[in-house]
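Geometric and topological summary
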Amino acid sequence: MTTADGFDFLDGRWSVHNRRLADFLDPDSGWEEFSGHTTGRLFWSGRAHVDEIVFPSKGFSGLTLRLYEPETGEWTLNWSNSRTGRLDPPVRGRWAEDGTGEFHGEDRYAGKDVRVRFRWSGVSADTARWEQAFAPAGGEWVTNWVMEFSRG
């Protein structure tokens, strides 16, 4: 997998199993599990990708815009959801030779500044894994949302 074609795999329809912490900074807050489904589409010969993910039991949807920047060789991942209608600050990063992608940014959660990490792994034609982690200033990473993608 190369940086430029990093999100080609995500084109089309996927089923998504979610595991999410009740409190994104508290690893002891308990995990909830729920299903979702997403449909993605490539643009600009694969250098842009947009998908909508729907969480039927949660009553909201998300939208991600992924853009490849040829000057930097990096992708920006831009997320919004139907509850807020605004873009969260982007995360930025690239794909490694081993097929994992790591993307970092800054945001706020529960009134606190946090570092944000998205990590993609296990990418194949029929599966993929996405993880989100937050770290408060000076704190350790807390993986708080995991999505397991499968074709269907």
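Predicted model, so just to flag it, every value in this text is computed and none were measured.

Structurally, the position occupied by N78 is in strand β5 (residues 74–81). For N78, a relative accessible area of 11% puts it in the buried group. If sequence neighbours within four positions are ignored, N78 has contacts with L63, T64, L65, L67, L87 and P90.

Let us now look at the sheet that holds strand β6 (residues 91–95). Adjacent strands of a sheet form backbone hydrogen bonds with each other and so pair up, either parallel or antiparallel. Taken in spatial order, the 10 strands close into a barrel running β1-β2-β3-β4-β5-β6-β7-β8-β9-β10, and their pairing is antiparallel. Averaged over all neighbouring strand pairs, the angle between strand axes comes to 25 degrees, with direction disregarded. Bridge count for strand β9 (residues 127–136) against strand β10 (residues 142–151) is 8 bridges, and the pairing is antiparallel. Following the sheet pairing, Q132 is matched in β10 by W145.

Quick look at the packing of aromatic side chains now. Within the structure shown, the criterion is met by 21 aromatic pairs. Taking the centre distance of 5.7 Å and the plane angle of 80 degrees together, the rings of F34 and F55 count as edge-to-face. Of this pair, F34 sits in strand β2 (residues 31–43) while F55 is found in strand β3 (residues 48–55), placing the two residues 21 residues apart along the sequence. The rings of F7, F9, W14, Y68, W75, W95, F103, W120 and F149 are connected pair by pair, giving a single aromatic cluster. The ring of W31 has R19 sitting right over it, with the charged end atom 4.0 Å from the ring centre. The cationic tip of K58 hangs over the ring face of F34; the distance from NZ or CZ to the ring centre is 5.0 Å.

Conventions and cut-offs
- Residues numbered from 1 in each chain as written.
- Predicted model: local features only at pLDDT ≥ 70, side-chain atom pairs only at ≥ 80, totals over all residues.
- Heavy atoms only, no water.
- Helix = DSSP H or I, 4+ residues; strand = E, 2+ residues; numbered from the N terminus.
- Buried < 20%, exposed > 50% of the residue type's maximum accessible area, 1.4 Å probe, protein only.
- Contact = heavy atoms within 4.5 Å.
- Pairing = 2+ DSSP bridges.
- Axes fitted to C-alpha atoms, helices over the stretch in contact; angles between N-to-C directions.
- Phe/Tyr/Trp six-rings, centres within 6.5 Å; stacked < 30°, edge-to-face > 60°.
- Lys NZ or Arg CZ within 6 Å of the ring centre and 35° of its normal.

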